[in-house]
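A look at the structure
The lines below spell out each chain.
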Amino acid sequence: MNHHFLVFSMLTVVAVTATIVSVAQGLEREILSPEQMNIKTGPTFLIFLYSEYEPCLGTLIHEQWILTAAHCFLPYLEIDIASKRDYFDDMKGKLTYHLSVQHPNFTRGSAENDLMLIKLKEPLKLNDQVKLAVLPNTTDNREGEMCTVSGWGWTWQVTYVYPDIQIDQKVLWFSAECCQQSQVSEAPVQVTENMFCAGSPSAPRQSCKEMTAAPILCQNQLYGILSWSKGCALRGDTGYYTKISHYTDWILKVIRTY
């Protein structure tokens, strides 16, 4: 009798524990919590691009050039190195831009060619804390490979304060067929060969507040800039990215020209 009671008690504890773990895992996805995210203070290649409109992320690809999405509307632009608010205090407000160059074929009615370059007035001094993202050295797709989306967001749905959490999210580069069949494809945007999508196959669509134009790195190379998503790309929801490998010639030409 005691033996049966002991077995029943153990099974009950296991079942209750499993239920608690399951519920806790579900709750973890409700907010951006520091416990589940990889928070960094450096090194970084991410840049905050602030304006009167929605803030965007930029990716440092050259001592004087930042790559971001052309859909970012950036009047009265202010630029900071992406970090926790007090980390690069000596650099705050000291980065100014000289000019911006949108891809010539970008239009607001399409997600294709969604790239823009921003030139700083003075080159940044690179060190152990400020790094460059490396452009891809091949046009090959990384379909089926794991990549990392890096970005910043808010632990609460409040964007008038400084973003307070940096996120590195592992995602899978989906096939073109999966991209077309994704729930995100219900949006009225045509997916072309100059784009790809990536995400976590099991991730339900999430809501969160994240800075747009997050970069995605595969094999430590910059393969994409987030153009759009439905849900939260930094929590694994499917995001659609501009395929950087198709634009390296344009990027390098702009840098040489200006």
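Here's what I pulled together on the structure shown here. Computed from a prediction, not measured in an experiment: that's the story for all the values here.

Our focus in this paragraph is the overall build of the chain. The helix and strand inventory of the chain stands at three helices and 13 strands. Taken over 258 residues, the chain has a buried fraction of 48%. Put simply, 71% of the contacts in the chain that link residues at least 6 apart link residues at least 24 apart. With an accessible surface of roughly 13600 Å², the chain has 53% of that area assigned to carbon and sulfur atoms.

What follows covers the sheet that holds strand β3 (residues 65-68). Strand order in this open sheet of six strands is β4-β1-β2-β3-β6-β5, and the pairing throughout is antiparallel. The sheet is open, and its two edges are formed by β4 (78-81) and β5 (97-102), each paired on a single side. Shown here is a sheet whose adjacent strand axes are inclined to one another by a mean of 30°, direction ignored. Of the pairings in the sheet, the one linking strand β2 (residues 56-62) to β3 comprises three bridges and is antiparallel in character. Paired with leucine 60 across the strands is isoleucine 66, a residue of β3.

Glancing now at the state of the cysteines. All told, the structure shown has three disulfides when counted by the stated rule. Paired through a disulfide, cysteine 56 and cysteine 72 show a sulfur-sulfur distance of 2.1 Å. Handedness of the cysteine 56-cysteine 72 disulfide follows from its S-S torsion of about -105°: it is left-handed. Of this pair, cysteine 56 sits in strand β2 while cysteine 72 sits in the loop between β3 and β4, placing them 16 residues apart in sequence. Comparing cysteine 56 with cysteine 72, the two get one shared label, buried. No disulfide involves cysteine 178; its sulfur sits 7.1 Å from that of cysteine 179, the nearest cysteine.

A word on helix α3 (residues 248-257). Regarding α3, the residues found buried are Thr248, Trp250, Ile251, Val254 and Ile255. For α3, the angular spread of the buried residues around the axis is 165°, confining them to a single face. Structural note: α3 exposes Asp249, Lys253, Arg256 and Thr257 on the side pointing more than 90 degrees away from its buried face. Close packing links the buried residues of α3 with β2, β3, β5 and β6 (116-120).

Glancing now at the pattern of salt bridges. Here the structure, examined in full by the defined rule, presents two salt bridges. Close ionic contact of glutamate 54 with lysine 209 constitutes a salt bridge, the shortest N to O distance being 3.6 Å. Placement of the pair is glutamate 54 in the loop between β1 (46-50) and β2 and lysine 209 in strand β10 (residues 209-210), with a sequence separation of 155 residues. According to the relative accessible area criterion, glutamate 54 is partly exposed, its value standing at 32%. When its relative accessible area of 25% is taken as the criterion, lysine 209 is described as partly exposed. The salt bridge partner of glutamate 145 is arginine 142, with a shortest N-O separation of 3.4 Å.

This part is about the nonpolar core. Within soluble globular proteins, side chains that are nonpolar tend to cluster in buried spots. Counting 66 residues, the largest nonpolar core has Ile61, Leu67, Ile79, Leu222 and Ile251 as the members making the most contacts within it. With five residues, the single largest contributor to this core is β1. In contact with leucine 222, not counting residues within four places along its chain, are Thr59, Ile61, Leu67, Ala133, Val134, Leu135, Pro136, Pro215, Ile216, Leu217 and Ile244.

Right, let's get into the packing of aromatic side chains. Taken as a whole and assessed by the stated rule, the structure comprises seven aromatic pairs. Ring geometry for tyrosine 53 against phenylalanine 73: centres 5.9 Å apart, planes inclined by 70°, an arrangement best described as edge-to-face. Taken together, the positions of tyrosine 53 in the loop between β1 and β2 and phenylalanine 73 in the loop between β3 and β4 put the pair 20 residues apart, joining distant regions of the chain. Exposure remark for phenylalanine 73: the relative accessible area of 46% places this residue in the partly exposed category.

Rules of the game
- What you see as residue numbers is a count from 1 along each chain, following the sequence as written.
- Local features are withheld for residues below a pLDDT of 70 in this predicted model, meaning they are given only at 70 or higher, and side-chain atom pairs are given and counted only at 80 or more; totals for whole chains, interfaces and linings count all residues.
- Excluding hydrogens and water, the side-chain figures rest on all heavy atoms present in the structure.
- By the criteria applied, helices consist of DSSP H or I runs no shorter than four residues and strands consist of E runs no shorter than two, each listed in order from the N terminus.
- Each residue is assigned to one of three classes by its accessible area relative to the maximum for its type, calculated with a 1.4 Å probe on protein chains only: buried under 20%, partly exposed between the two thresholds, exposed over 50%.
- We call two residues in contact when some of their heavy atoms are within 4.5 Å.
- Only the protein chains shown count as covering a residue, and every accessible area follows the Shrake-Rupley method with a 1.4 Å probe.
- At least two bridges found by DSSP between two strands are what make those strands a pair.
- To get an axis, a line is fitted to the C-alpha atoms, and for a helix only the part in contact is used. The angle between two axes follows their N-to-C directions and goes from 0 to 180 degrees.
- Only a pair of cysteine sulfur atoms within 2.5 Å counts as a disulfide in this structure description.
- When we speak of the arc, we mean the arc of directions from the helix axis to the C-beta atoms.
- Salt bridges are identified by distance alone: a Lys or Arg side-chain nitrogen within 4 Å of an Asp or Glu carboxyl oxygen.
- Buried Ala, Val, Leu, Ile, Met, Phe, Trp, Tyr and Cys residues that are joined via side-chain atoms within 4.5 Å together make up what is termed a nonpolar core.
- Classification of ring pairs rests on two measures: the distance between centres of Phe, Tyr or Trp rings, Trp counted by its six-membered ring, which must be within 6.5 Å, and the angle between planes, read as stacked under 30 degrees, edge-to-face over 60 and tilted in between.

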